[in-house]
Every structure is written in C-alpha cells, then in structure tokens.
Amino acid sequence: MRIWGLSIGELISLLVFVGTVGGFVIKFSIISPLTSMVKDSNKSIDNLNITIQELREDMKESKADRGAIHTKIDKNQADTEREIALLKKEDKTIWKHIAEMKGEQK
C-alpha cells in the first residue's frame, strides 16, 4: 500500500522526522526564549522584593526618627510655654510694682 508515492514505513519515518524537526523548532524558537524571559522576570521580581524590604526598613527608621523629633518638639514647646508663663507672671509683678510706686508718689 502506497500513500503519496511512499510506503507506510517511509511515511512513518517522514512523519517522525518532520515531528522531530518541528519539536526542535518549537522548543528553541518559542519555549527557550519564554523560559529565559520567565527567569529574567523572576530575577526582576526578586530585585523588587529586596528594594521593597529596604524601603520598609528605611521607613521604620524614619518613623523612629520622626517620633524622636516629635518628642523633642513637645519638650521644647512645654519649656517655651513655661517660660512664657514665667514672663507673664514677672510682667504682672513689675506692673503691680509700678502701680504701687505711682500710688506712693501721688
């Protein structure tokens, strides 16, 4: 029995050869580049994860620094408010003393 002028054995050999060549073409032209792209993507994702971790650590340090700054600002504000209260008290005392001296002069 002959198909396209080939015997069954020759036809099977031809189909196996074409399938093998097609398989290599598909593997090396499509699958290999995709595999390397996936590997490169994984490297990029790993680099991004590392960068995100570093940024999170920096943010934690920044948060601690900001907390220290807020504490310092609150302390300075409390000190300033105490000084203002003392100055107001001194001012009242001075004006009271001036009023007393004016009263004595009259």
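Reading guide: rules and limits
- Residues numbered from 1 in each chain as written.
- Predicted model: local features only at pLDDT ≥ 70, side-chain atom pairs only at ≥ 80, totals over all residues.
- Heavy atoms only, no water.
- Helix = DSSP H or I, 4+ residues; strand = E, 2+ residues; numbered from the N terminus.
- Buried < 20%, exposed > 50% of the residue type's maximum accessible area, 1.4 Å probe, protein only.
- Polar contact = N/O pair within 3.5 Å; in protein donor to acceptor, adjacent residues only side chain to side chain.
- Salt bridge = Lys/Arg side-chain N within 4 Å of Asp/Glu carboxyl O.
- Patch = residues over 30% accessible without salt bridge, like charges linked within 9 Å, V, L, I, M, F, W, Y side chains within 5 Å.
- Areas by Shrake-Rupley, 256 points an atom, 1.4 Å probe, with all protein chains shown as cover.
- Lys, Arg positive; Asp, Glu negative; His and termini not counted.
- Charge placed at Lys NZ, Arg CZ, Asp CG, Glu CD.
- Expected span 1.5 Å × (residues − 1).
- Bend = angle between axes of the 7 residues up to and from the residue.

Among the structural elements, Ser29 can be located in helix 1 (residues 8-105). Exposure remark for Ser29: the relative accessible area of 45% places this residue in the partly exposed category. One polar contact links the side chain of Ser29 to the main-chain carbonyl oxygen of Val25, over a distance of 2.4 Å.

What follows concerns the pattern of salt bridges. Using the criterion set out here, one finds two salt bridges in the structure. Where Asp79 meets Lys75, a salt bridge forms, and the shortest distance between an N and an O atom there is 3.6 Å. One end of the pair is Asp79 and the other is Lys75, both in helix 1 and four residues apart, which spans about a single turn. Among the residues examined, Lys75 registers a relative accessible area of 55% and is labelled exposed. Of the charged contacts in the structure, one is a salt bridge between Arg82 and Asp79, with a shortest N-O distance of 2.9 Å. Here Arg82 pairs with Asp79, and both are found in helix 1, just three residues apart, close to one helical turn. Accessibility expressed as a relative area gives 22% for Asp79, which makes it partly exposed.

Taken together, the side chains of Glu54, Glu57, Asp58, Glu61 and Asp65 make up a negatively charged region of the molecular surface. Locating Glu61 in the fold gives a position in helix 1.

Let us now look at helix 1. With 98 residues, helix 1 extends 139 Å between its outermost C-alpha atoms, agreeing within 8% with the 146 Å of an ideal straight helix rising 1.5 Å per residue. Its axis deflected by about 35° at Ile31, helix 1 carries its strongest bend there, up to four residues before the proline Pro33.

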